[in-house]
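# Descriptive analysis of the structure
Here is what each chain is made of, one letter per residue.
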Amino acid sequence: MTLGNLFCGCMASLHALQGELAIASVYVLVALILDFFDGFTARLLKVSSPIGKDLDSLADMVTFGVLPGFFMYYLIQQSLVACPSCPANLALVAFSITLSSCIRLARFNNDARQSDQFIGVPTPANTMLICSLGYLYETNANGVAFLMQPWVLLVITVLASGLLIAELPLIALKFKRFGWKGNEYRYALLGISLILLVVWQVSALPMVIVVYILLSIVNNIFSKKAV
């Protein structure tokens, strides 16, 4: 499953470089599913190893680190067509996402606090957000003209890079048990996300990330009050 994630990341990168963002997004979706189930299966079977841990991070670095950088680079490049006065190399800012993803993954492997929560936005969630923008651009969705302005993409890039490495505790979808108690916010996140995706489909992905961050903040506030 981990190597399948890596393969999908390679294929998505190949299509992204060719400007085929919709096809690349399909590979990203498959990679996200494989990434979720490789960890889920390992916990179900109660197996783990240092090699598996490193292999997972290396695969994630390609799919959820390098790839979103390529996506954003392509989007900024396309937006610069309507801005001849903008610096030609401005699109290179996109790779701050890749650099921040690398830091995020290295921290995850060495941070004991992240066994039952995340510190900073997880790289798969960030990639889902960036790739959804690419999909919306290629499918010419409503509102895409606003998104395809250089300053909007640069703001998204800076925010995405910052949230990856921010000291912000976030909900982790790691179910140690499946009862409601202790998983209230996880189930709330899954339920709200499902509703948004059914109603707005791919266009809902940016909203899902916002809901994820807001629910995590609410969870943090009430957790501190309980203590």
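Just above, that's the structure.
Keep in mind that what you see is a predicted model, and the values were worked out from it rather than measured.

## Section: the nonpolar core
Formed by 28 residues in total, the largest nonpolar core has its most connected members in F71, M72, I76 and I130. Among the elements of the structure, α1 (2-17), α2 (21-45), α3 (50-79), α5 (123-138) and α7 (150-165) are those that each provide at least two residues to this core. Element by element, the count of residues in this core is highest for α3, at seven residues. Once residues within four sequence positions are removed from consideration, F71 is found in contact with A16, L21, A24, S25, I130, C131 and G134. In terms of nonpolar packing, the next biggest core, distinct from the first, is built from 17 residues, L170, L196, Y212 and I213 among them.

## Some details on the state of the cysteines
In this structure the tally under the stated criterion is one disulfide. The residue that forms a disulfide with C83 is C86, at a sulfur-sulfur distance of 1.9 Å. Of note, the bridge from C83 to C86 carries an S-S torsion of about 70 degrees and is right-handed in sense. C83 gets classed as buried once you look at its relative accessible area, which sits at 16%. As a non-bridged cysteine, C131 has C8 as the owner of its nearest cysteine sulfur, 12 Å distant. Judged by relative accessible area, which is 4%, C131 ranks as buried.

## Looking at the side chain of R104
If you trace the backbone, R104 turns up in helix α4 (residues 96-109). For the buried R104, no salt bridge is present, and the opposite-charge side chain at shortest range is D111, 7.2 Å distant.

## Details of a nonpolar patch on the surface
Among the surface-exposed residues, L194, I195, V198, V199, W200 and M207 lie close enough to one another that they form a single nonpolar patch of about 620 Å² accessible area. It is helix α8 (residues 184-200) that contributes the most residues to the nonpolar patch, five residues altogether. By secondary structure assignment, the location of W200 is in helix α8.

Rules of the game
- Residues numbered from 1 in each chain as written.
- Predicted model: local features only at pLDDT ≥ 70, side-chain atom pairs only at ≥ 80, totals over all residues.
- Heavy atoms only, no water.
- Core = buried A, V, L, I, M, F, W, Y, C linked by side-chain atoms within 4.5 Å.
- Buried < 20%, exposed > 50% of the residue type's maximum accessible area, 1.4 Å probe, protein only.
- Helix = DSSP H or I, 4+ residues; strand = E, 2+ residues; numbered from the N terminus.
- Contact = heavy atoms within 4.5 Å.
- Disulfide = S-S within 2.5 Å.
- Lys, Arg positive; Asp, Glu negative; His and termini not counted.
- Salt bridge = Lys/Arg side-chain N within 4 Å of Asp/Glu carboxyl O.
- Patch = residues over 30% accessible without salt bridge, like charges linked within 9 Å, V, L, I, M, F, W, Y side chains within 5 Å.
- Areas by Shrake-Rupley, 256 points an atom, 1.4 Å probe, with all protein chains shown as cover.

The values reported here are purely geometric and, on their own, carry no functional implication.
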